[in-house]
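# Working through the structure, step by step
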Amino acid sequence: MKLSKSEAAYQRACELIPGGVNSPARAFGAVGGTPIFMDRGKGPYLYDLDGNQYLDYIGSWGPLIWGHAHPEILAALEETMKRGTSFGAPTERESVLAELVIDAVPSVERVRFVNSGTEATMSAIRVARGVTKRDLIIKFAGNYHGHVDSLLVAAGSAAATLGVPNSPGVTEGTTKDTLVLEYNDVEGLQSAFDLHGDRIAGVILEPICGNMGVVVPSSPFLQALRGLTTDHGAILIFDEVMTGFRVALGGAQEVFGVTPDMTTLGKIIGGGLPVGAYGGKAEIMDQVMPAGPVFQAGTLSGNPLAVAAGYASLKKLRDEPPYEQLDQMGDRLAKGFHQAAKDAGLKTQIQRVGSMMTLFFNEEPVTGWATASKSDTEKFSKFFWGMMERGVYLPCSQYEALFFSALHKEPEIDQTIDAARETLAEIAKSK
Ligand SMILES: *Cc1c(COP(=O)(O)O)cnc(C)c1O
């Protein structure tokens with residue numbers, strides 16, 4: 001594989017941009033080597049600067065459920081662009097997108113658009129605190145909610161203790177109002193509410209976790225979340241930035257039939273442009289300024305181009321739902337990976353919901369960060385590069401979900417399984 005143009009572009013970028021990238025997830029830090037610079041994408045494929053073609057399994061880390069450069073999304077952008085790119089005044093299109101989101105997502109009666117998932121979660125927890133007039137937020141280890149200071153927190157030494165900063169620059173003062181618990185730990189959740197119940201403003205979680213690899217919540221865990229927050233007057237926030245419109249039109253809340261008080265969205269709702277959103281019950285959302293006192297604003301929020309791309313993408317999901325096909329392709333991919341790993345004699349866990357999936361090099365099923373963190377990341381790095389050499393671009397970390405699009409059909413899935421079969425056999429031989 002020739003990568004000389006990518007390598008040169010990376011050297012240059014490193015002089016100009018910290019680490020050569022504008023988001024650390026792109027830097028290949030967990031798998032070694034230098035990031036590959038992209039030139040363009042089309043359908044399920046990515047093309048790099050050196051002209052190599054890859055079958056794409058990151059989909060821009062989630063947004064591209066319709067693949068790259070979809071003609072209908074491009075047409076919507078072109079049409080909108082001609083009328084100007086930003087007005088700093090409301091447009092009717094924002095209501096059209098809002099209506100679609102409200103119709104699709106069970107918990108959302110009112111919605112506010114922002115520019116990223118980070119902004120959405122940051123705003124949602126502010127609203128939860130403003131509405132309840134309480135300070136504490138519960139989050140779960142291994143769940144990622146963007147780079148919000150108060151959520152960049154690692155678990156303290158004991159369960160149900162207050163969090164500690166996990167990045168320099170995040171102050172202890174900021175994190176002392178965040179409790180970090182283990183995902184799927186019903187007892188831990190119960191005891192946190194026993195100890196701090198009247199101080200807890202809200203609980204935020206990924207209702208299907210993708211950010212430690214794919215981890216599914218147990219039904220007792222979901223029930224405890226809904227029951228305890230209701231009993232204690234705390235706000236339950238589903239962070240569906242990744243799962244919204246990915247696992248079903250209505251997100252994980254539709255899949256599980258559990259309705260949170262608030263929901264955060266991003267990724268797919270922007271159709272590949274920067275959009276986030278947060279929404280919930282009308283009585284909660286009407287606390288947001290200017291309807292209510294909780295401040296939140298954005299110069300480019302509801303941007304015409306972003307809203308147009310988002311609407312084109314969501315409307316197509318609503319009118320021509322690909323979810324059954326995505327699930328069939330996911331099942332085919334998971335079974336293929338499973339058989340290939342088994343034949344190679346490698347112990348793996350394949351965890352999947354619809355078109356998001358992780359192959360963990362792990363002895364036991366992954367239920368939270370305690371089990372996820374036991375994965376063999378060295379084997380994963382070999383898997384990543386082995387797949388790359390065979391033209392399959394996977395997420396560059398054991399702890400990221402792969403995504404595929406509605407344009408990944410049987411031939412592409414089978415090509416991926418063949419690549420995995422060769423790669424896994426190679427890994428098994430080299431150990
Ligand atoms: C990606 C992601 C975010 C952050 O969104 P950005 O647009 O990167 O700020 C928040 N929550 C979840 C669950 C995500 O997957």
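Before any of the text, the structure's been laid out above.
Residues numbered from 1 in each chain as written. Predicted model: local features only at pLDDT ≥ 70, side-chain atom pairs only at ≥ 80, totals over all residues. Heavy atoms only, no water.

## A short note on the sheet that holds strand β11 (residues 262-265)
Taken together, seven strands build an open sheet; the order of strands is β4-β12-β11-β10-β9-β5-β8 and the sheet is mixed. Edge positions in the open sheet fall to β4 (110-114) and β8 (178-181), since each of these has one partner strand only. Within the sheet, the average angular offset between the axes of one strand and its neighbour, ignoring direction, is 20 degrees. Across three bridges, strand β10 (residues 235-239) lies against β11 in parallel orientation. Note that in β11 the partner of I237 across the bridge is M262. Against the sheet, helix α3 (residues 92-104) engages β4 and β11, with an angle of about 125 degrees to β4. On top of the sheet, helix α6 (residues 186-196) reaches β5 (136-140), β8 and β9 (200-205); it is set at about 170 degrees to β5, its chief contact. (Pairing = 2+ DSSP bridges. Helix = DSSP H or I, 4+ residues; strand = E, 2+ residues; numbered from the N terminus. Axes fitted to C-alpha atoms, helices over the stretch in contact; angles between N-to-C directions. Contact = heavy atoms within 4.5 Å.)

## Things to note about the site of the ligand
Around the ligand sit S116, G117, T118, Y144, H145, G146, E206, N211, D239, V241, M242 and K267, and those are all the residues in its vicinity. Contact distances for the ligand include 2.6 Å between an oxygen atom and a side-chain N or O atom of K267. Protein contacts shield 83% of the accessible area of the ligand, which totals 380 Å² for the unbound molecule. A per-class count over the shell around the ligand returns three nonpolar, six polar and three charged. (Near = heavy atom within 4 Å. Polar contact = N/O pair within 3.5 Å; in protein donor to acceptor, adjacent residues only side chain to side chain. Areas by Shrake-Rupley, 256 points an atom, 1.4 Å probe, with all protein chains shown as cover. Nonpolar A, V, L, I, M, F, W, Y, C, P; charged D, E, K, R; others polar.)

## What to know about unusual backbone geometry
Residues M289 and P290 are joined by a peptide bond in cis, for which omega reads 10 degrees. Here P290 lies in the loop between α9 (282-285) and α10 (304-319). A positive phi angle, near 50 degrees, is found at A69, a position not held by glycine. Tracing the backbone shows A69 in the loop between β3 (53-56) and α2 (71-81). Classification of A69 as partly exposed rests on a relative accessible area of 30%. If you check the backbone angles, N184 has positive phi at about 70 degrees while not being a glycine. With respect to the helices, strands and loops of the structure, N184 is situated in the loop between β8 and α6. Taking the relative accessible area as the measure of exposure, N184 reaches 18% and is therefore buried. (Buried < 20%, exposed > 50% of the residue type's maximum accessible area, 1.4 Å probe, protein only.)

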